[in-house]
Amino acid sequence: MNYKRHLITAALPYANGPVHIGHLAGCYLPADIYVRYLRSKGSDVKFVCGSDEHGVPITIKAKKEGVTPQQVVDKYHKIMGDAFKEFGISFDIYSRTSSKIHHQTASDFFKVLYEKGSFTEQTTEQYYDEEAKQFLADRYIVGTCPKCANENAYGDQCEKCGTSLSPTELISPRSTLSGAKPVLKKTKNWFLPLDKLSPDIKKYIEQHPDWKPNVYGQCKSWLDSGDGLQPRAMTRDLDWGVPVPVPGAEGKVLYVWFDAPIGYISATKELTSNWASYWKDKETRLIHFIGKDNIVFHCIIFPAMLMQHGDFILPDNVPANEFLNLEGDKISTSRNWAVWLHEYLIDFKDKQDVLRYTLCANAPETKDNDFTWKDFQAKNNNELVAILGNFVNRTLVLTHKYYEGKVPEAAQYIKEDLLILEEVARFPDKIAQALEAFKFREALAEYMNLARLGNKYLAETEPWKLIKTDAERVKTIMNISLQITCNLAVLGEVFLPFTSEKLFALLNVNPLKWGGAKQTNNMPAGHLIRKEELLFSKIEDTEIDIQIQKLQAAKKKNEEQVSAIASAKTAISFEEFEKIDIRIGTVLEAEKVKGADKLLKLLIDTGLDKRVIVSGIAQFYTPEEIKGKQVSVLVNLAPRKIKGIESQGMILMAQNQQGELSVVAPVKNNVNNGAGVK
RNA sequence: GGCGCGGUAGCUCAGUUGGUGAGAGCGCAGGAUUCAUAACCCUGAGGUCGGGAGUUCAAAUCUCCCCCGCGCUACCA
């Protein structure tokens, strides 16, 4: 289909920390390359982004730092915006969701859906802090992780062992606001009934089988697997965000994932009075660049919202990337395992394009990928310096040496010249084809092939020899080399904008559009170029070692922190302790619970009786291993059904920092089944 | 356990309507060369295409089973 215009969005980064290479590689860099390409082709395109500034983590950070949420987002909005700018991410607007225009837009959007009856109201029980007099978001509740005993697990996830949790799973939960023990209290919220919308969403997804396999596959998985889509709350009990604009919603705000994608709309509004044509005209192509963590929101929830609203076009493509790892480990903000853009700029001043190049060449397009400093160095030294930089330098040096910097005339083309020119002229289309398929690695590799072609041309024609015997011929060779250099500047603008700019300056030429690179006469004879200057410089081992050491230091620091032992729980009386009845028992039989990864069904002789206990130890004990072993059994725990099996008690396990379990049992063999543990 | 994506040369990846002896870049080895940041250029070595079974005249490509990585999901008192 031929579109009149494009609207490109890049995921709104969450304003609670700076930007790292994973963000860049996964989302902002490919988006920027794509947009630069569209602009270079002369397309009507808008590129919008902004900070995502609502949600619970920001309020927590604010509390921790003793500042207001607004101060937190102001700080990171600036840091992130500056980092993007420094790396040449060419947003037409970098807005923010705390802006007035966004609040208005999001609020209006919600109202439309509300009035259309799109939402269902549901009353659920949520933890409530009676001292602070407010409902507690999952993140506001901390407690002991049932899996790894980390005392500071959040209500939605334990950051130590990575388990996702629900607040009610936490052992001894407490409010981070007041420290009080939260109580369950009823609250009403508005849900988007995705289950009912599922057929429309499915139809929409199935219209796009051309989406990247990871994206399409994951959407299908969400739609088809298990119980399918579930209703999702679009409002929250919180005081930081866009107030819910309907009666009876005091103290509630829009769910951050409801308001964030609307941020794309508000940013467009802020950018241009013509915003509606980018959002409501079927001839506009809407593309969301995101990381894989956002697929469900951009492919399912946001389109569902847009469909319900009715006025807007739907995303035509969502080319999500996978994740970038760093030196073999997952990038982690909290563990400081990251390369921060603002720090990179200090250590590698004016080397934005080197990082852009490395991240694009190694982009996690089809699967998670690894960034290593060694590879970064190799790509700089062996590719940017040796292939691209070197070709340009050879050409410029020879031009000055032979012609005092003036472009010589191509007197007469011979057959091999014509072949080269023909090949050179094909590059814009070749690269474009890859870009349009969101194959950025391939596009970049193709771009480098143009520089390779130039090097090869010089090596084969050997102008430095011919200059002594056939000076006329050399003019043509150098003319062609200069044309290639110019085209490298044109096509390089999308990948390496800083280098491209520098190159145009060296060539003393005004930047050309994409189609210009199909020409091989952009440098007219007699045109004076500037004195050569290196485009790239080698990166030495010492510079790389510094970075690696920096990471090792972060790792060491983490290990030290992890080894901290959780402090003791609050005191109980002896009477309370006496209520607990622990006995020694022997495992008679053990088998895996089918359909569950972590569960073993145990038959235990407790001395009192033989009873069935289901225990989540399958990852640490095979049935054969545990069979016949003595264990400690909490025998007076209320029975509970697990996976359809009634579990009568629990067996006690010791758990180490890694969450690994070990049976707690007598160390002498003089204890009978039924013996009490005191 | 279920679902999705992926597992191809040392590294990063191309390659499926099944069919010329399985490819590219980087790395490595050798050669050639000096205009160029010891760069470029040429040649070469290197692969049980995760493992096994099957369908077929023919499978990296189709089917089944298994293993590994990433993610979602269930279970974990």
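### Description of the environment of Thr105
For Thr105, the position within the fold is in helix α4 (residues 100-116). The buried category is assigned to Thr105, whose relative accessible area is 6%.

### A few points about helix α6 (residues 213-224)
The end-to-end C-alpha distance of α6 is 16 Å, a good match for the 16 Å that 12 residues give at a rise of 1.5 Å each. Buried within α6 we find Asn214, Val215, Tyr216, Cys219, Lys220 and Leu223.

### Things to note about the protein's contact with RNA strand B
Looking at RNA strand B, there are 51 residues lining it, with Lys330, Asn369, Arg394, Phe536 and Leu599 nearest. What you see for RNA strand B is that sugar and phosphate hold 74% of its atoms within 4 Å of the protein. Residue assignment for the surface near RNA strand B shows that the elements contributing at least two residues are α6, α12 (373-403), α14 (440-461), α15 (463-466), β19 (610-615) and β21 (640-642). Top contributing element to the surface near RNA strand B by residue count: α12, with 11 residues. Considering only residue class, the surface near RNA strand B consists of 19 nonpolar, 14 polar and 18 charged.

### Let's talk about the sheet that holds strand β4 (residues 120-129)
Within a sheet, adjacent strands bond to each other through the backbone by hydrogen bonds, running parallel or antiparallel. Judged by pairing direction, the sheet is antiparallel, and its four strands sit side by side in the order β5-β4-β9-β10 without closing on themselves. Whereas interior strands pair on both sides, the edge strands pair on one side only; in this sheet they are β5 (134-135) and β10 (232-233). With nine bridges joining them, β4 and strand β9 (residues 183-192) adopt antiparallel strand pairing. Within β9, the residue paired with Gln122 across the bridge is Asn189. The strands touched by helix α9 (residues 295-309) are β9 and β10; relative to β9, the strand with the most contacts, the crossing angle is about 70°.

### A word on the domain arrangement of chain A
Along its sequence, chain A is organised into domain 1 (5-111 + 255-324), domain 2 (117-236), domain 3 (372-518) and domain 4 (574-663). Computed over C-alpha atoms only, the centres of domain 1 and domain 2 are separated by 22 Å. Contacts between the two partners involve 30 residues from domain 1, matched on the other side by 31 residues from domain 2. A buried area of about 2700 Å², summed over both sides, lies between domain 1 and domain 2, and 70% of it is on carbon and sulfur atoms. Connecting domain 1 to domain 2 are zero salt bridges.

### Re the sheet that holds strand β1 (residues 5-10)
Overall, parallel pairing links the four strands, which are arranged β3-β2-β1-β13 in an open sheet. At either end of the open sheet lies a strand with only one pairing partner, and these are β3 (93-96) and β13 (284-289). Direction aside, the axes of adjacent strands within the sheet are offset by 25° on average. Bridge count for β1 against strand β2 (residues 44-51) is five bridges, and the pairing is parallel. Among the inter-strand pairings, Ile8 is bridged to a residue of β2, identified as Phe47. Those strands touched by helix α3 (residues 69-86) are β2 and β3, and its axis lies near 165° from that of β3.

### A look at the packing of α12 against α14
Contact pair α12 / α14: the axes reach a minimum separation of 9 Å and the direction vectors enclose 50°. In terms of orientation, α12 and α14 fall into the oblique class. As for how α12 packs across α14, the hand of that crossing is left-handed. Where α12 abuts α14, its residues Glu383, Leu384, Ala386, Ile387, Leu388, Asn390, Phe391, Arg394 and Thr395 lie against Tyr447, Met448, Ala451, Arg452, Gly454, Asn455 and Leu458.

### A word on the nonpolar core
Within the largest apolar cluster, 164 residues are counted, with the highest numbers of intra-cluster contacts made by Phe258 and Phe495. It is helix α1 (residues 21-40) that provides the largest number of residues to this core, a total of 12 residues. Beyond its immediate stretch of four places on either side in the chain, Phe495 contacts Ile33, Asp353, Arg356, Cys360, Ile431, Leu435, Phe440, Ala443, Leu444 and Tyr447. Among the nonpolar cores identified, the runner-up in size contains 16 residues, and Val587, Leu600, Ile626 and Val631 belong to it.

### Comments concerning unusual backbone geometry
The backbone of Asp350 sits at a positive phi, close to 60°, despite the residue not being glycine. The topology assignment puts Asp350 in the loop between α10 (341-347) and α11 (352-361). Taking relative accessible area as the criterion, Asp350 reaches 62% and is therefore assigned exposed. If you check the backbone angles, Asn508 has positive phi at about 60° while not being a glycine. Here Asn508 lies in the loop between α17 (497-507) and α18 (541-562).

Reading the values: the criteria
- Residues numbered from 1 in each chain as written.
- Chains lettered and ligands numbered in written order.
- Predicted model: local features only at pLDDT ≥ 70, side-chain atom pairs only at ≥ 80, totals over all residues.
- Heavy atoms only, no water.
- Helix = DSSP H or I, 4+ residues; strand = E, 2+ residues; numbered from the N terminus.
- Buried < 20%, exposed > 50% of the residue type's maximum accessible area, 1.4 Å probe, protein only.
- Expected span 1.5 Å × (residues − 1).
- Near = heavy atom within 4 Å.
- Nonpolar A, V, L, I, M, F, W, Y, C, P; charged D, E, K, R; others polar.
- Pairing = 2+ DSSP bridges.
- Contact = heavy atoms within 4.5 Å.
- Axes fitted to C-alpha atoms, helices over the stretch in contact; angles between N-to-C directions.
- Domains from an automatic or database assignment.
- Buried area = accessible area lost by both parts, 1.4 Å probe.
- Salt bridge = Lys/Arg side-chain N within 4 Å of Asp/Glu carboxyl O.
- Parallel < 35°, antiparallel > 145°, perpendicular 65-115°, else oblique.
- Left-handed = near helix turned anticlockwise from the far one by under 90°.
- Core = buried A, V, L, I, M, F, W, Y, C linked by side-chain atoms within 4.5 Å.

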